[in-house]
Each structure stands twice: as C-alpha cells, then as structure tokens.
Amino acid sequence: MKKNARSGRPRLAATIFAAATFAVLGAAACSDTAGEGARTTVTSTDGGTDALTSFSLGTEFRVNVPDDGRVYVKLSPLGMATVESAPETSSAWDLAFEGFDIATNGGVSGAGKGGSFGPVDLVAFVADTAPVIPFISADRAGGAFVDWYMYEGAPTHALWSRYHVFGVKDGERIFKVQVLTYYGQRDGATISGLYNIRYAEVLPDGSSGTTTELTNLDGTAGGAAAPPSSPSECLDLVTGARTMLTEIEARASSAWHLCFRRQSISVNGEKGGPRGITAVDLEEDKMTGENIDAVKALTAASQKSKFDSANYASFAGRTFRGDRVISGLDQWVDRTKTPFLPVDSAWVVVDQAGTQKYLLGFAPFENPTTRSPGTVVMYVKPVKG
Amino acid sequence: MRTETAAMLCLAGLTSARNARAQVQVKARDPDTVVVTGTRTPEQSQRSTIKTDVVTRDEAERRGATNVAEALQSQPGVQVNPGAYGYLGGPSAIQIQGFDLQRVLILEDGEPVVGDVGGAIDLSSLPIGDIRRIEIVTGPTSALYGSSAIGGVVNILTSPPIKEGASGRARVEGRNRFGLLAQGNGSYRRGDTWAGVDVNFMRQDGVGRLAKLPDLQVPDTSRSMVGVRAGTSLSDKIDVRVRARWFRDRSDGLTSKVAPGVGNYIIDTPTETNRFTLHFIESIDLGKGSSLRFTLGRQWSDSTTATTQRDSAVGEKRDREHRMQSFETVGTIANGKRTWVAGVRAQVEDFSQSLEKTESTSTGLASSQIEEVVPRRFGSVAPYAQLQWKFGDKLTVLPGLRGEFYSLYGAAATPRLAAAVRPTKKWNIRASFGRGFRAPSAKELGYTFDHSIYGYRILGADNLRPETSWGANADVTFQASSKVRLRAGTFMNWVHDLIDIDIANGTSEGTVADYRYRNFGRARTFGAQADITADFHKNLHGELAYDYLWTRDDVGDQPLSGRPPHTITASLRATPIDKFEAYARFRLVADAYVTTDTRTPGYSTLDLRVGRELWKKSQAYGGITNLFDVHQTQGRVGDLRPPLGRIFYVGIRSEFPWEEDE
C-alpha cells in the first residue's frame with residue numbers, strides 16, 4: 001500500500017498537469033478581437049454620395065471664380081473678402097481663387113501664417129479635431145521642376161531623380177536641363193541638397209551647345225537646423241555664374257535662371273523672380289506611369305542619350321511658365337476629367353492668423369470653363385488642433 | 001539555513017543581519033522562498049500577504065539568461081519586449097498587467113533604478129552575476145514605493161556573503177555570434193565584517209539585417225559591471241553597509257543608406273551608458289523584532305547616443321544626464337500580532353538632455369547645440385506607513401498609505417488595503433485594492449523636439465498632473481499536496497490621466513504645429529492567471545502557467561498596443577541521472593493588436609539546457625534558447641518576437657569553497 005500511495009501522487013500530479021495543459025491550450029485558441037470589426041469607415045470610392053454625406057458636416061459656401069483675376073475668401077466669418085490692394089500684405093483674406101489655383105495667405109502668397117495640407121481622407125469630416133498629418137505647408141513658388149524627383153519612403157527616405165529633360169526659356173533662348181542627383185560629398189560625408197545637373201543650350205538649327213555638367217550645386221541652405229534666412233546656390237545658365245542667395249534675395253534678383261533650395265528648384269519668373277524666365281517639363285505626361293522601382297533603375301549615364309536627343313523642336317508647342325504658387329491644395333482638381341472635377345478628398349487649411357484649422361471639401365463645379373471652375377461649391381468645417 | 005535567511009532579509013534592506021536572525025519566525029527551507037518586496041516585511045512566498053513571484057539566480061541561469069531581461073522574458077505574468085521602444089536590440093522593457101515603460105517600477109535592493117531610455121529601464125543592462133533573486137509584485141504598489149508602481153514592482157536583490165572566510169563564484173560562458181559571458185564574485189567574511197567584489201562582462205556580435213548590406217538589426221553589444229560591497233557592525237545593535245556599482249553598456253549599431261547617384265554610405269550609431277550607484281545603509285536593532293534603517297543613496301546615469309557618418313564629423317549626438325540623491329528611513333515595529341512599517345523618503349532628481357548637431361555647410365562644418373530637455377530639478381518627500389495585523393494564523397489584514405509631496409505639482413496620496421485568508425494549511429486566499437500613480441517625467445515636463453523644418457514640434461508641458469490608477473487583485477493558492485500546487489488569480493486596473501503626446505489636439509502657429517504632452521489618456525486592463533507546479537517524481541519538477549490579458553484604451557476605444565492576450569508557459573526540470581540536470585522551457589505567446597491595421601504575430605519559443613556536475617558546486621552546461629529560431633522581421637512595426645533568434649551556449653560555473661559546510 002505504501003508503495004502504491006507513493007506512486008499514486010506522481011500520477012495525480014501528471015493528470016492535473018495534463019488536464020491543465022489542455023485547458024489552457026484551448027483557451028489560447030481565442031484572441032482579443034474585441035473592438036475590431038465594429039469600426040466603421042467612410043470611404044470615398046466615388047465622389048458622389050459619400051463625399052456629400054461627409055461634407056454635410058461642414059458649411060456650404062459658393063465661390064464664383066472668374067476666368068481672369070482673383071477672388072478672396074475669409075473663413076471666419078465665412079464669406080467673400082474684399083482686398084482693395086496689396087494682397088501680399090493683407091490679413092483680410094484666408095483663401096484666394098485664381099483659375100484652377102487656390103492660394104493660402106502665407107509663404108509666397110501673403111504675409112499671413114496660413115498654410116494647407118492635403119489630400120486627406122473624407123472621413124476627416126466626421127471628427128471635430130484635425131486629422132493627424134505630417135505637416136502644414138506654406139505656399140511656395142514652384143513650377144516646371146516641382147516634380148523633378150520621386151520620393152522613396154521609409155526606411156530609405158531618398159529623392160531619386162526622374163531624369164526628365166526640362167526646358168528653361170530666357171527670351172528666345174532655350175536651355176535643356178537634366179537633374180542627375182540630389183546628393184554629394186563634402187567634409188567627408190554624403191549629404192543631401194548637393195545637386196549635380198547637366199545642361200546645354202538648344203539652338204533653332206536643331207543643334208545643341210556644349211553640354212556642361214555641374215557638381216555640388218549647394219541647395220543645402222545651411223542644413224536642417226539653419227534659419228530660413230540661410231542662402232543657397234543659384235545658377236545663371238548663360239554665364240555659368242553661381243551665386244549664394246537667400247530666398248528673399250533670390251526673389252528680387254535677376255542674376256540667375258535656376259535656384260536650388262533643399263528639394264526645390266525655382267525658376268526666375270512670375271512668383272519665382274523678376275527675370276521673366278519660364279520653364280517646362282518635357283516629360284510631364286509620363287509622370288503618371290512612373291513608379292519608384294523603374295525610376296531607381298535609371299542612371300545618369302543611361303539617361304544621357306535622352307538628354308542629348310532633346311533639341312529645339314522638342315520644345316515646340318510646349319507651354320513655358322514661371323514659378324506659380326504651389327500650395328497644399330495643388331492637387332484639388334482632377335485634370336484628367338472633362339470638364340475638370342474637384343478631387344474627392346478633404347484638405348486641411350490654416351487661416352491667415354495661423355491659429356485656426358479648417359477642413360475643406362468640394363462638390364462638382366457648376367458652369368466650369370477651360371480657364372476657371374465657374375462656381376466652386378465648397379464645404380468648410382472648423383476643427384480643433 | 002537560518003543564517004542564510006537572515007542574510008536574505010539583510011540584503012533586502014529590511015533589517016540588520018543580527019536583527020533578522022532574531023525576528024525570523026519563518027521556517028524557511030530555502031532562503032529564496034522568503035519574499036520582502038510586497039510588504040517590506042519578510043514572509044514566506046507561498047504565505048505572503050501580497051502575491052510575489054521569485055526568480056532565483058539559479059533559475060535565471062537555467063533559463064539561459066545573462067541579464068535580468070532574459071531572466072524574466074519567459075516569466076509568467078510578464079512580457080519583456082526587447083527593442084520595443086527603440087531600435088531593435090535596444091531597451092528591454094517589462095510589461096506587467098498590461099503596463100510598461102514608466103508604469104512598472106524597477107528597484108535594485110529596494111532603490112529605484114535611474115537612467116531610462118524612452119521611459120523604459122533597460123533590463124538587459126542589469127546583469128545577474130551578483131544578484132540572489134528577482135522578486136515580482138504585480139498590481140499597484142505605490143502605497144509602499146511611490147511613483148511608477150502602477151503595473152507592479154520588480155526588485156532585483158543582491159546578497160552579502162554568507163560563509164565565514166573566503167568564498168566566491170565564477171561563471172564563464174561562450175555563445176554563438178562570438179558571445180562571451182564572464183561573471184565573478186569574491187568575498188571575505190570574518191564575523192560581522194565582510195567585503196566583496198563583483199565583476200561582470202558580456203559581449204555579443206550584432207545580428208545582420210540583410211545579407212548584402214553591412215546593416216545590423218541588433219547592434220554589437222558589450223556590458224560591464226564592477227561592484228564592491230562591504231559591511232560591519234559598529235556595536236551589538238548597529239550594522240553599516242556600503243555598496244558601490246559601476247555599469248557600462250556599449251552598443252555599436254550600424255546602418256547603411258543609399259544616396260542616389262553617389263552610392264551607399266555607412267552610419268555608425270554607437271550608444272554608451274555609464275551608471276554609478278553608491279549606497280550607504282545603517283541598521284539599528286531596536287530589539288524584539290523591531291528595527292530602524294537609514295539609507296543614503298546617490299546615482300549617476302550618463303548616456304550618449306550618436307548618429308555619425310563613418311569617417312566624418314557630420315552627424316548628431318544626444319547626451320542625457322540623470323542624477324538621484326535620496327535619503328530614506330524606515331522603522332519596523334513588531335508588536336505581537338501587529339507589525340508596523342513606517343518610513344519617509346526624500347529624494348532630489350536632476351535631469352537634462354542635449355542634442356549636438358554637426359552639419360556640412362557651404363562655409364565648412366557647423367555645429368549647433370540645443371537643450372532638448374532644459375535641466376530640471378525635482379524634489380519629493382514621501383512619508384508612508386503600513387500595518388500588518390494578523391488575526392490568528394488565518395487572517396492577515398494589511399492597510400497602508402503613502403503620501404507624495406512633489407516640488408513641481410503638489411501632492412498625491414496612495415492607499416492600499418490587502419488581506420490574506422488561510423482557512424486551512426492548504427488554502428491561501430489573497431485580495432488587495434490600491435492606488436497607483438506615476439509622476440510626470442522630466443522629459444514630459446520640459447521636452448523640446450524641434451522639427452519646425454518639417455512642420456511640427458513636440459513639447460513638454462509644465463501643467464501635467466500625475467497619472468493615477470486604482471487596481472484590484474485577488475488570487476487563490478491551493479496546496480494539493482506537498483508535490484502539487486495550484487494557483488489562480490485575477491486583476492483589474494483603471495488608469496486615469498495617462499500622459500502622452502496629444503496628436504489630435506495640436507496647436508498651430510503658422511505652418512508649424514505644436515504637439516504637447518497632456519493628461520488625456522484613460523485605460524483599463526483586466527487579466528487572469530492560472531498555474532500549477534508539480535513534482536512528478538523526486539527528480540522531475542514541472543510548471544505550467546496560463547495568462548490572459550485584456551486591455552482597453554478608453555480614448556481610442558481600442559486595445560492597448562502590443563499586449564498579447566494569451567500566454568502559456570511550461571517548464572520541466574529533471575535530474576534523471578546522478579550529476580546530470582536537464583531543463584526545458586516552452587512559451588507560447590498569442591498574436592496581439594498593434595494598430596487597427598497591424599497585429600504582431602503569435603510565436604512560441606523553446607529553451608533547452610543540460611548540465612553535469614563536474615565536482616561539488618561546479619557544473620558544465622550547455623543549451624539552446626529559442627530553438628525554433630523565432631525572430632523579428634525587419635521593418636515590421638510593433639513586432640514583439642525575440643530579436644536575436646536561436647542562441648547556443650556552453651559554459652562552466654563554480655562556487656568555492658567547494659565543500660558545503662552543513
């Protein structure tokens with residue numbers, strides 16, 4: 001009996017142990033799905049119903065945009081604004097409509113602290129707080145070079161040149177320009193903001209001038225920690241002169257064609273500067289078909305032939321422009337549709353005082369023309385944050 | 001053995017060795033069954049008023065651990081998330097009852113550890129070479145320990161030498177990836193006077209990220225520790241001890257980046273932390289089991305993290321300094337069935353963080369330095385008291401209260417009421433209800449992370465309040481026989497005023513958005529555990545535990561991120577043949593919510609170890625941790641799987657004198 005009793009306890013222990021094992025293994029088959037599946041998301045598969053449902057949470061406001069000239073809007077109280085003169089220094093407006101462009105009162109557009117970001121999902125209209133966004137952009141000047149690169153996200157965070165060929169027009173003279181890289185080496189380190197480019201003048205007889213390759217054009221603007229007044233390098237394509245200018249100096253100077261400031265390349269015309277220079281992206285229509293893997297496969301050497309083959313005739317019929325206003329609302333119009341349609345998304349806008357955020361959304365235009373959206377049906381919702 | 005137990009109480013900082021010997025009423029077979037952290041009084045772990053789990057150094061070594069993080073990573077009731085709060089292989093933070101970062105208090109011999117990384121005390125920086133055991137108390141324990149004891153307390157306890165004359169211990173271990181562990185302790189005791197030296201060194205190569213790149217997913221690491229301890233008796237009733245330790249952790253991360261048109265370049269990411277601790281303890285025996293203890297402490301923690309391009313000065317370096325000076329006195333008054341513990345702790349902390357950037361500009365290298373956390377000084381005074389009242393052998397009631405008075409934001413009071421009922425010798429039923437709190441950190445109060453160039457800043461806020469919680473715990477232990485023990489428990493916590501960066505309510509100043517730390521979070525956690533330990537045979541011991549965890553972020557109406565709901569742990573220890581020992585440990589962790597779109601995958605690990613006694617108190621051993629080679633996937637957000645994958649190790653450990661004096 002003693003022997004049995006001793007041997008019985010391990011068996012009891014083993015039995016309980018095994019039973020407990022099965023019990024907990026069974027329980028482990030469950031998982032914490034509580035709270036999931038109950039979430040509802042407003043999607044924007046087509047702009048119609050969902051968009052209007054979301055926009056109903058905002059205040060409708062109609063803006064009649066003329067074919068020529070600007071109109072101004074104040075967001076609080078919501079209404080049209082009258083700006084008699086000097087809109088660049090006026091605090092009477094928050095948004096300006098000009099053709100299919102929308103400006104905010106900040107950056108190159110005005111002296112205010114306004115800005116914008118978008119597009120964001122329509123579901124943002126449901127909340128009373130601003131959606132989480134990476135940044136708010138003040139309006140900046142930009143034009144033909146605005147999409148010279150393709151951005152590769154985390155973890156690489158690199159800017160890859162698309163190797164497009166750009167035309168830069170100074171009077172009757174046209175130069176072709178290709179950006180080779182945004183990176184260079186200095187002080188023993190590889191740093192961003194150092195451009196390599198190649199350029200040459202294209203002549204009416206179909207020939208091209210000497211191709212010049214420049215390295216380490218300094219667009220670092222003093223680095224990330226530098227104040228906004230730090231200079232960056234600007235280039236005169238005719239003389240080859242390279243000048244360090246601040247953003248404000250560059251806007252008042254005629255000593256350059258192209259100015260390099262961090263990832264932006266400015267053209268000295270319209271909003272960019274006083275010299276009347278205009279530019280065009282010869283391959284703008286290819287943009288939608290490009291993807292990051294294809295762009296990463298390109299090299300300066302492989303794209304040299306494309307640059308060499310561009311000639312005066314390549315730019316015939318192209319629309320050259322100086323820098324215009326680029327805001328966070330730059331993509332608010334779907335230009336692939338006829339007539340143009342507003343994109344089914346929301347935008348975050350900061351007023352000219354820099355203190356209040358608004359969500360904007362747009363219903364289809366009423367009576368659009370080729371030069372203006374006609375009547376813009378806008379929905380405005382103030383949000384916290 | 002009574003001497004060992006007394007020594008354990010002494011090391012735990014509760015009383016003098018002499019007094020401990022006098023007051024020991026616990027008939028402990030093993031000093032490691034005595035716990036002190038839950039009540040600040042010595043109790044047998046199975047009959048303690050507050051549930052306290054113990055991991056001894058021997059058990060930690062059986063688990064293949066070289067540091068506290070590894071010792072606890074398969075402990076039931078906790079999760080250790082390596083690298084969850086920094087780069088992979090970085091800080092190993094512990095999670096108890098669904099709380100982590102600064103909501104679990106880490107103590108060394110009862111003193112808070114300073115020098116967090118992103119809010120987490122890096123448990124992998126704490127070697128196990130000189131420790132005796134680790135005690136884990138779950139649930140709010142602020143009534144005794146103050147700030148950060150919301151989820152629980154981990155107390156890492158060292159021990160003074162026990163034997164007369166010279167004694168020592170050594171362990172040498174080799175691991176794959178050129179891993180080397182060397183631990184040694186030497187001490188000498190003559191009567192009541194003793195001194196000891198502890199050294200620890202560990203290094204391991206990092207883990208590569210991708211085959212074709214030099215990048216390291218886990219950096220090369222080396223960790224060193226040197227400690228000296230000494231104690232003596234000034235009179236029959238007064239003991240004094242001094243303890244000094246220096247920890248140095250170094251990791252060398254490496255990453256490569258591609259610069260289109262230029263090629264790849266290498267960025268070195270070294271991190272170095274130096275931590276010094278100095279404590280002076282005086283214990284006075286008041287007689288009849290009562291005592292008075294004074295502790296004077298100072299800690300320094302300096303850490304530097306850098307990101308520099310190889311062979312260049314371009315990069316950035318972040319320096320953090322944390323200092324703590326503390327004075328604590330605690331009296332234990334034994335009065336029959338009532339034991340009073342009352343004390344007061346005063347401490348001053350200094351914290352600063354600066355960032356130095358070196359950039360290449362058109363005029364040459366330019367350096368700039370900013371204070372990311374403006375140097376700050378905190379002061380606090382905290383009186384506390386607790387009564388342990390035994391009503392016979394069957395009921396113990398334990399009310400306690402601690403008040404905290406902070407120089408920056410006022411006062412907080414944290415009560416706790418606990419009770420243990422032992423209707424028979426086989427049953428022990430415990431319940432407690434208490435308040436936890438966490439004081440805002442220096443970073444949360446004074447941080448400036450300026451990314452204006454990218455349109456945002458993250459800022460501290462001076463008007464933060466402490467986080468507060470209420471927590472309830474209950475468990476039942478049934479000693480089915482001398483060989484089988486079953487235990488089940490549950491807990492619930494409600495936490496208010498959680499501090500976090502309030503992304504949803506940023507304020508704009510032009511195109512720059514400011515996001516501040518605010519008290520806006522609310523959360524609940526609920527859990528249950530069941531475990532069984534059994535001696536199947538005199539040479540076969542097994543444990544099986546299941547943990548369930550439910551969490552809810554009441555603001556986002558989602559589970560808290562990275563909290564696995566189900567965990568199963570099982571272990572078997574066998575000594576089938578004389579002088580041989582075999583050990584297996586299995587852990588299954590369920591998949592867990594990370595974000596609405598992401599879950600961290602479930603995984604299981606199996607650790608195996610065999611050892612053979614070479615001579616008395618010496619063993620050669622070898623093992624494999626993480627046999628299934630489960631490891632994190634590069635770039636996967638919130639991946640809670642182990643970073644290192646499978647590890648092989650072999651080693652020798654020995655203690656002397658080799659012959660144990662009975």
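Each value, and the rule that gives it
Residues numbered from 1 in each chain as written. Chains lettered and ligands numbered in written order. Predicted model: local features only at pLDDT ≥ 70, side-chain atom pairs only at ≥ 80, totals over all residues. Heavy atoms only, no water. Phe/Tyr/Trp six-rings, centres within 6.5 Å; stacked < 30°, edge-to-face > 60°. Helix = DSSP H or I, 4+ residues; strand = E, 2+ residues; numbered from the N terminus. Buried < 20%, exposed > 50% of the residue type's maximum accessible area, 1.4 Å probe, protein only. Patch = residues over 30% accessible without salt bridge, like charges linked within 9 Å, V, L, I, M, F, W, Y side chains within 5 Å. Areas by Shrake-Rupley, 256 points an atom, 1.4 Å probe, with all protein chains shown as cover. Salt bridge = Lys/Arg side-chain N within 4 Å of Asp/Glu carboxyl O. Polar contact = N/O pair within 3.5 Å; in protein donor to acceptor, adjacent residues only side chain to side chain. Contact = heavy atoms within 4.5 Å. Core = buried A, V, L, I, M, F, W, Y, C linked by side-chain atoms within 4.5 Å. Pairing = 2+ DSSP bridges. Axes fitted to C-alpha atoms, helices over the stretch in contact; angles between N-to-C directions. Disulfide = S-S within 2.5 Å. pLDDT = per-residue confidence, 0-100.

Chemist: I'd like a description of the packing of aromatic side chains, backed by residues and values.
Modeler: Residues and elements named next belong to chain A. Within this structure, the stated rule accounts for 23 aromatic pairs over all chains. Their ring planes at 75 degrees and their centres at 6.3 Å tell us that F97 and W332 sit as a pair that is edge-to-face. Note that F97 is positioned in strand β4 (residues 95-98) and W332 in the loop between β19 (324-326) and β20 (333-334), a separation of 235 residues in sequence. F97 sits in the buried class, given a relative accessible area of 0%. Centroid distance F315 to F320: 6.1 Å. Interplanar angle 50 degrees. Geometry classified as tilted.

Chemist: Which residues make up a nonpolar patch on the surface, and what values do they have?
Modeler: Residue and element names in this part refer to chain B. Nonpolar side chains collect at one region of the surface, where V197, V199, V226, V228, W246 and F276 lie side by side and expose about 450 Å² of accessible area between them. Looking at the nonpolar patch, the elements that each hand over two or more residues are β12 (193-204) and β15 (220-233). When its relative accessible area of 41% is taken as the criterion, V197 is described as partly exposed.

Chemist: Give a description of the side chain of B:T525 that names residues and reports values.
Modeler: Residue and element names in this part refer to chain B. You can see T525 is positioned in strand β30 (residues 512-537). Polar contacts involving the side chain of T525 include one to the main-chain carbonyl oxygen of Q97, which spans 3.1 Å. Residues in contact with T525, not counting those within four places in the same chain, are Q97, G98, F99, F491, M492, N493, W550, T551 and L560.

Chemist: Pulling in residues and values, what's your account of the nonpolar core?
Modeler: Core analysis: the biggest nonpolar cluster contains 31 residues, and A:F145, A:V177, A:Y195, A:I197 and A:L258 have the highest contact counts within it. Of all elements in the fold, only β9 (158-161), β10 (165-170), β11 (173-186), β12 (189-202), β13 (212-218), β16 (258-261) and β17 (264-267) of chain A together with β17 (263-287) of chain B reach the threshold of two or more residues within this core. Per-element tally for this core: the top contributor is β11(A), with five residues.

Chemist: I'd love a proper account of the sheet that holds β4(A), names of residues and values included.
Modeler: Residue and element names in this part refer to chain A. Here we have four strands laid out as an open sheet, ordered β3-β2-β4-β5, and antiparallel in their pairing. Of all the strands in the sheet, just β3 (78-81) and β5 (101-104) have a single pairing partner and so form its edges. The sheet shows a mean angle of 25 degrees between the axes of neighbouring strands, direction not considered. As defined by bridge partners, strand β2 (residues 70-75) adjoins β3 across four bridges and the pair is classed as antiparallel.

Chemist: Explain the environment of B:I128 to me, and be specific about the residues and the numbers.
Modeler: All names here are of chain B. Among the secondary structure elements, I128 is positioned in the loop between β7 (111-112) and β8 (131-138). On the accessibility criterion, I128 (0% relative accessible area) is buried. For the pair formed by I128 and L157, sequence separation is 29 residues and the distance between their alpha carbons is 9.7 Å. In this structure I128 touches R57, A60, E61, A65, T66, N67, V68, R171 and Q183, once residues within four positions along its chain are discounted.

Chemist: For the state of the cysteines, give the residues involved together with the corresponding values.
Modeler: All names here are of chain A. Tallied over the full model, the rule gives one disulfide over all chains. Across the disulfide, C234 is cross-linked to C259 (sulfur-sulfur distance 1.7 Å). One end of the pair, C234, is in strand β14 (residues 232-235); the other, C259, is in strand β16, with 25 residues separating them in the sequence. The two residues C234 and C259 agree in class, both being buried.

Chemist: Explain the confidence of the model for chain A residue by residue, including any values.
Modeler: Averaged over all residues, the pLDDT of chain A is 83; the fraction at 70 or higher stands at 85%. Counting interchain partners and residues more than four positions distant, the pLDDT-below-50 stretch residues 1-49 of chain A has 59 contacts.

Chemist: A description of the pattern of salt bridges should follow, citing residues and the corresponding values.
Modeler: It is possible for side chains of opposite charge to pair when their charged atoms get near one another. Residue and element names in this part refer to chain B. Inspection of the entire model under this criterion finds 66 salt bridges over all chains. E404 serves as the salt-bridge partner of R402, at 2.6 Å between the closest nitrogen and oxygen. When sorted by exposure, R402 lands in the same class as E404, which is buried. The salt bridge involving R465 is made with D497; its shortest N-O contact spans 2.7 Å. Here R465, found in the loop between β26 (456-459) and β27 (467-479), pairs with D497, found in strand β28 (residues 484-501); they are 32 residues apart in sequence, far enough to count as distant. Residues joined by salt bridges that share partners form a network here, namely R57, D58, E61, R171, E173, R175 and R653.

Chemist: I'd like a description of the pairing of strand β32 (residues 566-574) of chain B, backed by residues and values.
Modeler: Residue and element names in this part refer to chain B. Most of β32 sits inside the fold, with seven of its nine residues counted as buried. Direction of pairing for β32 relative to strand β33 (residues 580-589): antiparallel, over a ladder of eight bridges. Each residue of the ladder has a partner; that of A574, found in β33, is A582. Between β32 and β33, which follow one another and run antiparallel, lie five residues, and K579 among them has a positive phi close to 80 degrees.

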